[in-house]
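Structural description and commentary
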Amino acid sequence: MVKEDILILGLETSCDETSASIVVNGRDIRSNIISSQICVHQKFGGVVPEIASRKHVELINGVIEEALTEAGVTFREITAVAVTYGPGLVGALLVGVSAAKALAYALNVPLIGVNHLEGHISANYLANPDLQFPLLCLVVSGGHTDIVYIEEHGKYQILGRTRDDAAGEAFDKVARALGLGYPGGPLVDKLAKAGNPEAIALPRAYLEGNSLDFSFSGLKSAVLNYLNKAQMKGEEVNKADLAASFQKAVVDVLVDKTLSAATEKGVKTIIVAGGVAANGQLRSQLHEEAAGRGISVQFPPLVLCTDNAAMIACAGYYRYLKNDFADLTLNAIPNLKLS
Ligand code: KG4
Ligand code: ZN
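Residues numbered from 1 in each chain as written. Chains lettered and ligands numbered in written order. Predicted model: local features only at pLDDT ≥ 70, side-chain atom pairs only at ≥ 80, totals over all residues. Heavy atoms only, no water.

1. Let's talk about the site of ligand 1
Neighbouring ligand 1 are 18 residues; H120, G142, D172, G185 and D189 lie closest to it. The separation between an oxygen atom of ligand 1 and a polar main-chain atom of G185 is 2.9 Å. In the environment of ligand 1, an oxygen atom lies 2.9 Å from a nitrogen or oxygen atom belonging to the backbone of G275. Surface burial for ligand 1 is 88%, taken as the share of its 560 Å² of free accessible area covered by protein chains. When contributions to the shell around ligand 1 are tallied by element, the ones reaching two or more residues are α4 (116-127), α5 (167-177) and α6 (184-192). (Near = heavy atom within 4 Å. Polar contact = N/O pair within 3.5 Å; in protein donor to acceptor, adjacent residues only side chain to side chain. Areas by Shrake-Rupley, 256 points an atom, 1.4 Å probe, with all protein chains shown as cover. Helix = DSSP H or I, 4+ residues; strand = E, 2+ residues; numbered from the N terminus.)

2. Topic: the packing of aromatic side chains
Per the counting criterion, the structure on display carries 6 aromatic pairs. Note on Y125 and F133: the rings are 5.9 Å apart at their centroids and 65° apart in plane angle, and the pair reads as edge-to-face. With a centroid separation of 5.2 Å and 75° between ring planes, the pair formed by F171 and F246 is classed as edge-to-face. Here the residue F171 occupies a position in helix α5, and F246 occupies one in helix α8 (residues 239-265), the gap between them amounting to 75 residues. (Phe/Tyr/Trp six-rings, centres within 6.5 Å; stacked < 30°, edge-to-face > 60°.)

3. Here we look at the pattern of salt bridges
If you walk through the whole model with that rule in mind, you get 15 salt bridges. K173 is the partner of E169 in a salt bridge, and the nearest nitrogen-oxygen pair spans 3.2 Å. Residue E169 and its partner K173 are located together in helix α5, separated by 4 residues, close to a single helical turn. (Salt bridge = Lys/Arg side-chain N within 4 Å of Asp/Glu carboxyl O.)

4. Comments concerning the pairing of strand β8 (residues 155-161)
As defined by bridge partners, strand β7 (residues 145-152) adjoins β8 across 6 bridges and the pair is classed as antiparallel. Note on β8: the bridge partner recorded for V148 is I158. What sits between the antiparallel neighbours β7 and β8 is a turn of 2 residues, in which G154 has the positive phi angle 85°. (Pairing = 2+ DSSP bridges.)

Have a look at this one:
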């Protein structure tokens, strides 16, 4: 470590992962500790906000200590503390925000508030620090489906967003209907590998004109109707075919609209962010179709697609360079927008 190195301690507690990370100069991940609460919430079929908050309180100090130990650094060496302050579950966010404020105050270092979605986008800068702007980002998480034009670090224009369910939410709801469990996305992804994506005709919502908005609720209803009808007729459902057909219907629309947006904006590089960026079909289909149009696509490695604090530390680094600091009045904002 040299004196000029910028060491950001990142904290992430917006949903069901308690995570702390040390990232040096916005690109070198020294540690990225992720304590997942999945097993705790699994029996409820989804995240229980009150339990998530309590678990974050129990876990946060140990996770921070582990992040420091693994990185081989002490509190005294930290340049700034970056924390997710929204969007997310308010009680969960508050745990990270309170810990970050206490640390920034005690260590007398800057505090940086990070938008969770900017964190997801920044996972791409960690994986590929030399990406050239402008970029087009498809943000696909449990709560968001956005097409974002990025002119430079921190400068965003939302070109399209979901009007109802987010892509990850649709995966989770369909997984539940198929009896696969929680979180549903990875389980649908796995099951779909054994199915035929052309087996069952399902709708794709393109919406009016050249809209870059999304809607997945009709597709979700179509899957539920298909299951109900089969049950009423006493017919066996081929779950792998249904998973593959559903996944293909989601991915077709995501890929078409993202490529239309890139062409419209004349952008040559697409990045993908959020948990659904881990989806196998999305990764292969977007790569393939973009290559045909001379557009390159970058995905973060799988561990950086879902919630983690390294992406928050990286986003914090670029805010640090702009002296964009928060004060100790920083609060959790559950519906924080990307602006
Ligand atoms: O970004 P993320 O970890 O948390 C939020 O900020 O929401 O995304 C979680 C979402 C969940 O809906 C999960 O089912 C979905 O990402 N997901 C996937 C895959 N892995 C995670 N969806 C489809 N395929 C996957 N492989
Ligand atoms: Zn997330």
